[in-house]
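# Architecture at a glance
If you want the building blocks of each chain, they are given just below.
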Amino acid sequence: MTQVSSALWLAFACCWTLLALAAVAEPAVVFDGENYLDVAEPPDHKYNVKAYGAVGDGQHNDTDAFRKALKAASEAVNYSSVWIPEGRYLIWPVLIEDCMNTWIEIEGTIMAPQEPEQWPQNEYYFHFVSPSNCSIVGVSGSSAEIRGNGMGWWSRPAEEGTAPTLLLYSGTFESYPQPGVYNISMFDAPSSHVRVLGSRMYSGPEVSGVKMVSTDTGRSSGIVVTNASLFVEKVDIDVGGVHVTIETGYGDNNYGFMRIDQSTFRRGEGVTILMTDGLMGNISLSNLDFYSTSYGIRALGARDGNGELIGVFCDDLYMNEVGTPFYVSNDVCPKSHKGCTRSAKGVSVTMINIDRVSGTQTTGNAGAFMCTTAKPCSIGLSNVDIRPMSPSTENTFRCQNAEGYTDETVSPKSCLKPRAYSKQLIGF
């Protein structure tokens, strides 16, 4: 029954992926820092926040002016934008509902309140609810910024869920073009810089040309996506926490078209894929550079979970002084889980394909594949050249109940138990 279910899901995912690829061929909202690309026309009307009372001196509260400009733009008949000109705009948290065919174009700096008490809630800074073609875009030639001022939050005890995200997207993402964040710099989010909470697994926002920087040592993360697809390209993330987290909630599926491409990750904990319950996969991680991160890519299944993580494709990766470049396990206990008793069913982790990887590691582990006896992991390794940062550092792959495909192009020598393994890329 499980094999039949997986086969049906694979076929279903392939169909949806082809639809997603076909959609990408249509005009999309993309801004390359100089020109509007693949868009028939830029916004017809610009609603300048200063025309609605904004001061832009970093001291005056410009929240009301921003709300009024956003309302006017959203109610316009034609495609419109909220214009944030040069200046520093203090804006308090905003719930953004019914945002359609609207850009928030930033030329200056948007600033969050510095004191946590000035945030009326602890969940978000800007919260977009089921946006329809509603994007944040940096203006050409500007230093467009969103500053989260998370320092006040980091000084508080590290309690789960107490600090807000900067940009929160929730609901369904069924319109086209998808909402997105393009060509801006984001600084010091209290928790994550971008978070996506979806209710559909085959669509989600795009993040392109974005820089995320945090001065903390672990309280701030980059992107978190739950139960939605993710399209990320040309991002540069320098944070103390996890750079990108892809996860499912209990009883949910996240089997869509997910891609992270041409991006750089510094410090922090790398990319984490966490499977709890349901089905998740069809994830492409390509052309990525990791610098001094504790991990490169982790594919994890919760110890108390029940489901399948199938199809994670990692290729053209560079690891520079990375602690452990690859870590795969279906026997982990996420921090948010209480008790974490090992499930009788468990999470199956299969088709983790690693190809064309080079670089250095600092812990002695080129990779660790630690899985359960009941659910051995299946992994493919080829064209891998990981070396120790220091000649005195050990350099090995570690395996426990891990099997799959490997060949002579892998260094250090693979520890995988040989098994018939398909290298076919699902849906690509």
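For clarity, every value in this text was computed on a predicted model and none was experimentally measured. (Residues numbered from 1 in each chain as written. Predicted model: local features only at pLDDT ≥ 70, side-chain atom pairs only at ≥ 80, totals over all residues. Heavy atoms only, no water.)

In this section: the pairing of strand E5 (residues 80-84). In terms of burial, E5 is a largely internal element, five of the five residues being buried. Here E5 shows a buried face lined by Ser80, Val82 and Ile84 and a second buried face lined by Ser81 and Trp83. Pairing of strand E3 (residues 45-48) with E5, which is carried by four bridges, proceeds in the parallel orientation. Looking at E5, one finds that Tyr47 is bridged to Val82. As paired strands, E5 and strand E8 (residues 100-106) are joined by five bridges and run parallel to one another. Directly across from Trp83, in E8, lies its bridge partner Glu105. (Buried < 20%, exposed > 50% of the residue type's maximum accessible area, 1.4 Å probe, protein only. Helix = DSSP H or I, 4+ residues; strand = E, 2+ residues; numbered from the N terminus. Pairing = 2+ DSSP bridges.)

Take unusual backbone geometry next. Residue Pro412 is bonded to the preceding Ser411 through a cis peptide linkage, with omega at 5°. By the element assignment, Pro412 lies in the loop between strand E32 (410-411) and strand E33 (417-418). Phi at Met351 is positive, roughly 55°, even though this residue is not glycine. Within the fold, Met351 resides in strand E27 (residues 346-361). Assessed through its relative accessible area of 15%, Met351 is described here as buried.

Here the structure, examined in full by the defined rule, presents three disulfides. Residue pairing for Cys99: its cysteine sulfur links by disulfide to Cys134, the two sulfurs lying 1.9 Å apart. For the disulfide bridge between Cys99 and Cys134, the dihedral angle about the S-S bond is near 70°, and by the sign convention the bridge is right-handed. Of this pair, Cys99 sits in the loop between strand E7 (94-97) and E8 while Cys134 sits in strand E11 (residues 132-138), and the two are 35 residues apart along the sequence. For Cys99, a relative accessible area of 1% corresponds to the buried category. Each sulfur in the disulfide pair Cys399 and Cys415 lies 1.9 Å from the other. The chirality of the disulfide connecting Cys399 with Cys415 is right-handed, given an S-S dihedral of about 75°. Residue Cys399 is located in strand E30 (residues 396-400), and its partner Cys415 is located in the loop between E32 and E33; the two are separated by 16 residues in the primary sequence. (Disulfide = S-S within 2.5 Å.)

Here the focus is the pattern of salt bridges. Applying the stated rule across the entire model yields 13 salt bridges. The partner of Glu247 in a salt bridge is Arg195, and the shortest N-O contact between them spans 4.0 Å. Highlighted residues: Glu247 in strand E22 (residues 244-247) and Arg195 in strand E16 (residues 192-198), separated in sequence by 52 residues. Its relative accessible area of 31% is what places Arg195 among the partly exposed residues. (Salt bridge = Lys/Arg side-chain N within 4 Å of Asp/Glu carboxyl O.)

Summing up the model confidence of the chain, the mean pLDDT is 82 and the portion of residues at 70 or higher is 79%. Contacts of residues 1-13 to residues separated by more than four positions or lying in other chains number twelve contacts, the stretch itself having pLDDT below 50. (pLDDT = per-residue confidence, 0-100. Contact = heavy atoms within 4.5 Å.)

The end-to-end C-alpha distance of helix H2 (residues 63-75), which contains 13 residues, comes to 18 Å, matching closely the 18 Å that a straight helix rising 1.5 Å per residue would cover. All of the buried residues along H2 are Thr63, Ala65, Phe66, Ala69, Leu70, Ala72 and Ala73. (Expected span 1.5 Å × (residues − 1).)

Once that is clear, we can look at the nonpolar core. One finds Phe66, Phe126, Ile136, Ile246, Leu285, Phe369 and Ile379 to be the most contacted residues of the largest nonpolar core, which totals 91 residues. Here Ile136 is in contact with Ile104, Ile106, Phe126, Phe128, Ile146, Leu167, Tyr169, Gly180, Val181, Tyr182 and Ile184, once residues within four sequence places are set aside. (Core = buried A, V, L, I, M, F, W, Y, C linked by side-chain atoms within 4.5 Å.)

Examined against the element boundaries, Thr245 turns out to sit in strand E22. A residue is classified by how much of its surface remains accessible, and Thr245, at 13% relative accessible area, is buried. The spacing of Thr245 and Val225 is 20 residues in sequence and 6.2 Å in space, taken between C-alpha atoms. For Thr245, the contacting residues outside a window of four places in its chain are Ile223, Val224, Val225 and Thr272.

Along the chain, Ser221 turns up in strand E19 (residues 221-226). Since its relative accessible area comes to 14%, Ser221 is described here as buried. In this structure, Ser221 is in contact with Ser191, Ser192, His193, Val239 and Val242, ignoring residues within four places of it in sequence.

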